[in-house]
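# Report on the structure
Chain by chain, the residues run as shown.
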Amino acid sequence: MKKFLIAILLLILILAGAASFGYYKIIEFVKTSVNVQADQLLTIERGTTGSKLAALFEQEKLIDDGKLLPYLLKLKPELNKIKAGTYSLENVKTVQDLLELLNSGKEVQFNVKWIEGKTFKDWRKDLENAPHLVQTLKDKSNEEIFSLLDLPDVGQNLELKNMEGWLYPDTYNYTPKSTDLELLKRAAERMKKALNKAWNERDEDLPLSNPYEMLILASIVEKETGVAAERAKVASVFINRLKAKMKLQTDPTVIYGMGENYSGNIRKKDLEMSTPYNTYVIDGLPPTPIAMPSESSLQAVAHPEKTDFYYFVADGSGGHKFTRNLNEHNKAVQEYLRWYRNQKNAK
């Protein structure tokens, strides 16, 4: 009997030791190194169990053997609040790091940077090249996208269902499986808010009939100068011209109207070509914006400087020289041409 009791005791000790050793191995499993490749992403589907997670880790070659993972998650429930999503494994060194990341819900972020002054054609290319973004608009026309974004109807003419100008330039972050339409909706909502604010707070007596005309003029100001400090002055020139019933005569509208025919230079015949956008030919504003304006350009049009300028020309330093009449303007043009020739000859 005594031998039997000793044997039972030994068996209990052995089992306890084994259990203790097993528990130790499970707990120590969190320190296991993880094999992470450069720029590796990991996608966790909704409803992933401990055993499925272990299989996924093995499949992605993060660990060689994941059989202890389900037991670890039971012993440490605080690590078992896995959230679905796609994660960047940068800086993940151990199983502990990996589980903490998956519990955090901090999905990897990508971004698209949309620059002011660019056209919707440029923006569509950026959108199509964006990594891990679901493409739903590739076969959609600009008019169809316009309707999907619920933009204001500015006329029955299909040409007026134009995406130009309606998107707010900025850097937009997104997570994998986001759609291109979702990004455009965010940009469109921001532009609508910025435009409404500028219109509602605008100066009195602007020669603009509606917010869309403000958007059009802001796009022209955007294309005419990259110097933020002179946007309100550029806007004043166009406001003064509109009030005086003068043609706007702005080169960026000519270029936009030329489309694919523009090769880098504007010739005399281009200035005389009749297009809906050639402000050397048409009166007033073109039918649509010619680019995506910044909020700074919107505000410049809403609050232009009070000037008596009707002309401006590049001054050779990145800015412009503003003048009051054609005689002053012609002199400024000659000054610029002399500067340009000197620069060319110096090379």
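Refer to the structure presented above.
Residues numbered from 1 in each chain as written. Predicted model: local features only at pLDDT ≥ 70, side-chain atom pairs only at ≥ 80, totals over all residues. Heavy atoms only, no water.

## Section: unusual backbone geometry
- Even without being a glycine, Asp150 presents a positive backbone phi close to 55°.
- Within the element layout of this structure, Asp150 appears in the loop between helix H6 (142–148) and strand S4 (170–174).
- Residue classification places Asp150 among the exposed positions, given a relative accessible area of 60%.
- A positive phi angle, near 60°, is found at Lys245, a position not held by glycine.
- You can see Lys245 is positioned in the loop between helix H9 (231–243) and helix H10 (251–258). (Helix = DSSP H or I, 4+ residues; strand = E, 2+ residues; numbered from the N terminus. Buried < 20%, exposed > 50% of the residue type's maximum accessible area, 1.4 Å probe, protein only.)

## Observations regarding the pairing of strand S5 (residues 311–314)
- Examined bridge by bridge, S5 and strand S6 (residues 320–323) share 4 bridges and lie antiparallel to one another. Counterpart to Val313 in the pairing with S6 is Lys321.
- Connecting S5 to the next strand, S6, in antiparallel fashion are 5 residues, including Gly316 with a positive phi near 90°. (Pairing = 2+ DSSP bridges.)

## Regarding empty space enclosed by the protein
- By the definition in use, this model includes 1 cavity of 30 Å³ or more.
- Around the largest cavity, the lining residues are Phe120, Arg124, Leu127, Glu128, Gln135, Leu137, Lys138, Ile145, Asp180 and Leu184.
- Of all the elements, helix H5 (residues 120–128) adds the most residues to the lining of the largest cavity, at 4 residues.
- Of the residues in the lining of the largest cavity, the class split is 5 nonpolar, 1 polar and 4 charged. (1 Å grid on protein atoms, 1.4 Å probe; cavity = no way out; pocket = protein on both sides within 12 Å on 5 of 7 lines; lining within 4 Å. Points joined across faces, edges and corners; volume = space filled by probe spheres on them. Nonpolar A, V, L, I, M, F, W, Y, C, P; charged D, E, K, R; others polar.)

## Concerning the packing of H9 against helix H12 (residues 295–302)
- At their nearest, the axes of H9 and H12 sit 8 Å apart, and the two run at 50° to each other. With respect to their mutual orientation, H9 and H12 come out oblique. Considering the relative orientation of H9 and H12, their crossing is right-handed. Across the interface between the two elements, Arg231, Ala232 and Ala235 from H9 touch Ser296, Ser297, Ala300 and Val301 from H12.
- Partitioned by chemical class, the residues of the contact of H9 with H12 number 4 nonpolar, 2 polar and 1 charged. (Axes fitted to C-alpha atoms, helices over the stretch in contact; angles between N-to-C directions. Parallel < 35°, antiparallel > 145°, perpendicular 65-115°, else oblique. Left-handed = near helix turned anticlockwise from the far one by under 90°. Contact = heavy atoms within 4.5 Å.)

## Considering the packing of helix H7 (residues 180–200) against helix H8 (residues 211–224)
- In contact at an axis separation of 10 Å, H7 and H8 are set at 105° when each is read in the N-to-C sense. In this view, H7 runs roughly perpendicular relative to H8, as classed from their interaxial angle. In this structure, H7 uses Met191, Leu195, Ala198 and Trp199 to contact H8, whose residues at the interface are Pro211, Met214 and Leu215.
- Here the residues of the contact of H7 with H8 are counted per class, giving 7 nonpolar, no polar and no charged.

## Quick notes on the side chain of Asn240
- With respect to the helices and strands, the residue Asn240 is situated in helix H9.
- Residue classification places Asn240 among the buried residues on the basis of a relative accessible area of 12%.
- Within polar-contact distance, the side chain of Asn240 engages the backbone oxygen of Phe309 at 2.9 Å.
- Not counting residues within four places of it along the chain, the set of residues in contact with Asn240 comprises Thr307, Asp308, Phe309 and Tyr310. (Polar contact = N/O pair within 3.5 Å; in protein donor to acceptor, adjacent residues only side chain to side chain.)

## Overview of the pattern of salt bridges
- For the coordinates displayed, the defined rule picks out 14 salt bridges.
- The closest approach of N and O atoms between Arg231 and Glu222, which form a salt bridge, is 3.2 Å. As far as the burial class goes, Arg231 and Glu222 line up, both buried.
- For the salt bridge of Asp308 with Arg324, the shortest nitrogen-to-oxygen distance reads 3.1 Å. Here the residue Asp308 occupies a position in the loop between H12 and S5, and Arg324 occupies one in the loop between S6 and helix H13 (326–346), the gap between them amounting to 16 residues.
- We classify Asp308 as partly exposed; its relative accessible area is 39%. (Salt bridge = Lys/Arg side-chain N within 4 Å of Asp/Glu carboxyl O.)

## Focus: the packing of aromatic side chains
- Throughout the structure, instances matching the rule amount to 9 aromatic pairs.
- Between Trp114 and Trp123, the aromatic rings sit 4.8 Å apart at their centres with planes inclined by 5°, giving stacked as the arrangement.
- You can call Trp114 buried: its relative accessible area is 1%.
- Summarising the aromatic geometry, the rings of Trp166 and Tyr212 are spaced 5.7 Å apart at their centres and angled 15° between planes, so their arrangement reads as stacked. Here the residue Trp166 occupies a position in the loop between H6 and S4, and Tyr212 occupies one in helix H8, the gap between them amounting to 46 residues.
- Through pairs of rings, three or more aromatic residues link up here, namely Phe238, Phe309, Phe312 and Phe322.
- The lysine or arginine in question, Arg202, covers the ring of Trp199, its NZ or CZ lying 3.6 Å from the ring centre.
- The residue whose ring lies beneath Arg241 is Tyr311, and the NZ or CZ to ring-centre distance is 4.8 Å. (Phe/Tyr/Trp six-rings, centres within 6.5 Å; stacked < 30°, edge-to-face > 60°. Lys NZ or Arg CZ within 6 Å of the ring centre and 35° of its normal.)

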